Amino acid sequence: MSRVLLVRPEESRSKYDFQGVIENECLELEWIMAILEAEGYEVTIFDRQVERKTFAAFLTGQEFDVFYGECRCFQEPFLLEYAELFKKQCGGLVIAGGIHAQICPERLYKDYIDIVLSGFNYYDLPAIIAGERTAANLSWQEAGEWHSTAKQPVDIRKMPRPNRSYFYAHPERYQYLDMKHAMWVRSAFSCPYRCRFCVRSHMNGGVYSRRDVNDLVDEIEENDNENVYLVDDDFLFDENYVRTFIHTIKERGIHRKYICYGRADFIAAHEDIIRDFKDIGLVYVLSGLEDISDERLISYDKRNTVANNERCIAVCKKYDVRLMAMFILGLDWRGKDFHKLYRYIRQNDLKHVAVSIYTPEIGISEAEYITDDLTHFDYLHLVARPVHLSVRQWYFHYYVLLIRLFLKAQRDGIYDFLDYGSYIRSFIRTILRRGEDDA
Ligand code: SF4
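Enquirer: Just give me the short version of the overall build of the protein, but keep the residues and values in it.
Expert: For the protein, the helix and strand inventory stands at 15 helices and 15 strands. Computed over its C-alpha atoms, the radius of gyration of the protein comes to 22 Å, within 12% of the 22 Å expected for a compact globule of 439 residues. Expressed along its principal axes, the backbone C-alpha trace of the protein runs to roughly 60 × 60 × 40 Å. Residues counted as buried form 40% of the 439 residues belonging to the protein. A sequence separation of at least 24 residues applies to 72% of the contacts in the protein between residues at least 6 apart.

Enquirer: Can you tell me about the nonpolar core, naming the residues and giving the values?
Expert: Leu6, Ile32, Phe67 and Ile267 are the most contacted members of the largest nonpolar core, which has 121 residues in total. Counting the residues that make up this core, at least three belong to each of domain 1 (3–148) and domain 2 (175–388). Those residues in contact with Ile267 that sit more than four places away from it in its chain are Leu236, Gly262, Ile274, Val285, Ser287, Cys312, Val315 and Cys316.

Enquirer: Now, about the sheet that holds strand S1 (residues 3–8): what can you tell me, with residues and values included?
Expert: Here 7 strands make up an open sheet; going across it, the order is S2-S1-S3-S4-S5-S6-S7 and the pairing mixed. The open sheet terminates on both sides in strands that have one partner only, identified here as strand S2 (42–47) and strand S7 (145–148). Averaged over all neighbouring strand pairs, the angle between strand axes comes to 20°, with direction disregarded. Pairing geometry for strand S4 (residues 93–97) and strand S5 (residues 115–117), over 2 bridges, is parallel. Residue pairing across strands places Ala96 opposite Val116, the latter belonging to S5.

Enquirer: Give a detailed account of the site of the ligand, specifying residues and quantitative values.
Expert: The full set of residues close to the ligand is Cys191, Tyr193, Arg194, Cys195, Cys198, Arg200, Ser201, Asp233, Asp234, Arg263 and Gly288. For the shell around the ligand, the per-class residue count stands at 4 nonpolar, 2 polar and 5 charged.

Enquirer: How would you summarise the pairing of strand S15 (residues 352–357) if you had to cite specific residues and measurements?
Expert: Alignment of strand S14 (residues 322–329) against S15, held across 6 bridges, turns out to be parallel. When the sheet's bridge partners are listed, Met326 is paired in S15 with Ala354. Considered for its hand, the β-α-β crossover made up of S14, helix H13 (residues 335–347) and S15 is right-handed.

Enquirer: For the environment of Phe86, give the residues involved together with the corresponding values.
Expert: When you line up the elements, Phe86 lands in helix H3 (residues 76–89). By C-beta crowding, Phe86 is classed as buried, having 24 other C-beta atoms within 10 Å. Not counting residues up to four positions away in its chain, the partners in contact with Phe86 are Leu59, Phe67 and Val94.

Enquirer: Residues and numbers for the sheet that holds strand S8 (residues 183–185), please.
Expert: A sheet is described by the order of its strands in space; here 6 strands give the open sequence S8-S11-S12-S13-S14-S15, paired in parallel fashion. The open sheet has two free edges, formed respectively by S8 and S15, since each of these has just one partner strand. Neighbouring strand axes in the sheet, compared pairwise and without regard to direction, differ in orientation by 20° on average.

Enquirer: Summarise the environment of Leu297; cite the residues concerned and give the values.
Expert: When you line up the elements, Leu297 lands in helix H11 (residues 294–299). Leu297 sits in the buried class, given 21 other C-beta atoms within 10 Å. C-alpha separation for the pair Leu297 and Leu236, spaced 61 residues apart in sequence, amounts to 19 Å. Apart from the residues within four sequence positions on either side, Leu297 is in contact with Glu290, Asp291, Lys302, Asn304, Thr305 and Val306.

Enquirer: Tell me about the environment of Gly144, and name the residues and values.
Expert: Among the secondary structure elements, Gly144 is positioned in the loop between strand S6 (138–142) and S7. A residue is classified by how many C-beta atoms lie within 10 Å of it, and Gly144, with 6 of them, is exposed. Along the backbone, Gly144 and Tyr109 are 35 residues apart, and their C-alpha atoms lie at a distance of 9.9 Å.

Enquirer: Outline unusual backbone geometry, listing residues and values.
Expert: At Ala143, a residue that is not glycine, the phi angle is positive and equals roughly 50°. The phi angle at Tyr174 is positive, at roughly 60°, despite the residue not being glycine. The class of Tyr174 is buried, set by 26 C-beta atoms lying within 10 Å.

Enquirer: Any chance you could break down the packing of helix H8 (residues 239–251) against helix H10 (residues 271–280) for me, citing the residues and the numbers?
Expert: Relative orientation of the contacting elements H8 and H10 amounts to 30°, with a least axis distance of 10 Å. With respect to H10, the axis of H8 lies roughly parallel. Here the hand of the crossing between H8 and H10 comes out left-handed. Between H8, through Glu239, Val242, Arg243, Ile246, Ile249 and Lys250, and H10, the contact on the second element is made entirely by Ile273, Asp276, Phe277 and Ile280. Looking at the contact of H8 with H10 residue by residue, the classes come out as 6 nonpolar, no polar and 4 charged.

Enquirer: Requested: an account of the packing of helix H7 (residues 213–222) against H8, with residues and values cited.
Expert: H8 packs onto H7 with a crossing angle of 40° between their chain directions and a minimal axis gap of 10 Å. The orientation of H7 relative to H8 falls into the category oblique. Between H7 and H8 lies a crossing of right-handed hand. For the pair formed by H7 and H8, the contact residues are Val213, Asn214, Leu216 and Val217 on the first element and Tyr241, Thr244, Phe245, Thr248 and Ile249 on the second. Grouping the constituent residues of the contact of H7 with H8 by class yields 6 nonpolar, 3 polar and no charged.

Definitions and cut-offs
- Residues numbered from 1 in each chain as written.
- Predicted model: local features only at pLDDT ≥ 70, side-chain atom pairs only at ≥ 80, totals over all residues.
- Helix = DSSP H or I, 4+ residues; strand = E, 2+ residues; numbered from the N terminus.
- Rg over C-alpha atoms; globule rule 2.2 N^0.38 Å.
- Buried ≥ 20, exposed ≤ 12 C-beta atoms within 10 Å, placed from the backbone.
- Contact = placed C-beta atoms within 7 Å.
- Core = buried A, V, L, I, M, F, W, Y, C linked by C-beta atoms within 7 Å.
- Domains from an automatic or database assignment.
- Pairing = 2+ DSSP bridges.
- Axes fitted to C-alpha atoms, helices over the stretch in contact; angles between N-to-C directions.
- Near = placed C-beta within 6 Å.
- Nonpolar A, V, L, I, M, F, W, Y, C, P; charged D, E, K, R; others polar.
- Right-handed = clockwise from strand over helix to strand, strands pointing away.
- Parallel < 35°, antiparallel > 145°, perpendicular 65-115°, else oblique.
- Left-handed = near helix turned anticlockwise from the far one by under 90°.

This is the structure we're talking about:
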């Protein structure tokens, strides 16, 4: 029987990681675990988000035949390090997959990687491990040459139930802010929208695929975990689907608390759905408001308006749903834009806010980058040059905004589980330290 190791590396090695604040269940590894165990493989998961040991320490004295590692763009250096170490130490078959592999598989073509799986067809893994090379979305190395099969989207209904034994073995982890041990459930692959900056709609070859709503509710019902994170890139998409979901949950008497992503235009146009969703347990809705100017929303191809965003804010307030308002900080911003955003957040009394630095994604953008360090593609670093400010000036305004947002959150009494003081001190130190090297 082959022993398979499924790995997800850490998200960051900087002091600004979200360990202990936001930790994502490794759903894709759990699907793979279910598929391989059904075929008789012995499977182990190593998720560095929650493991105390380093990968090197974990691997010492262990024997595995197969390594499968997944990563996002900013985790690529960590995954490569893990894969190389595994090859050196265990010498087995090394497979790389995950979101990054779907967008830029060629970046993972390394001597110590044998196979790159660039699709969701995890059900092909038993045959791939057995030596077949006919599955879709496959690249493999043979005598130093890489070969590939055609890309093919996957029907999400082919996914098995995930094996959640690892998730349940870590009851103190996998939280979303104050919602402890939040179980990830996915109803769809990809996103039907095409916002210019976003990599999510490129998943599954850009083909949107959604499960039957009863099957989704079955999965929630089968697990009595209190907190459920509906991790679709946009759960609030099809009005009939969401209404049926709410109705079915109610009808079956299922009591859970929910987190989901949803577009602001949908929330603005469907107040009754937000009311009913709140009624069955909606706590957080994560929405990309992105910007406070219609021109920029158009430039992002967001297909939304500032007026919709404001209506969305009002609807969430009315029904006491916590809106996690997500904004993008543009490369074309001047100092006054950072200030305007902060003023907008205050005026609209937004309690939960997340800001990301505009990041032209590798694989979907032609941008000229100012760094080749992929760990900087984490939305917390500039990877392309700002238009009107120097890198140093841009970061100065960025850190001032972060400090103001943290102070506001502290005044509002949210995120009490965070050590505000240490974040704020660290931002101030970073401002003082940033110098000639960034100019
Ligand atoms: S930003 Fe949201 S709505 Fe736009 S493509 Fe990405 S996931 Fe879809």
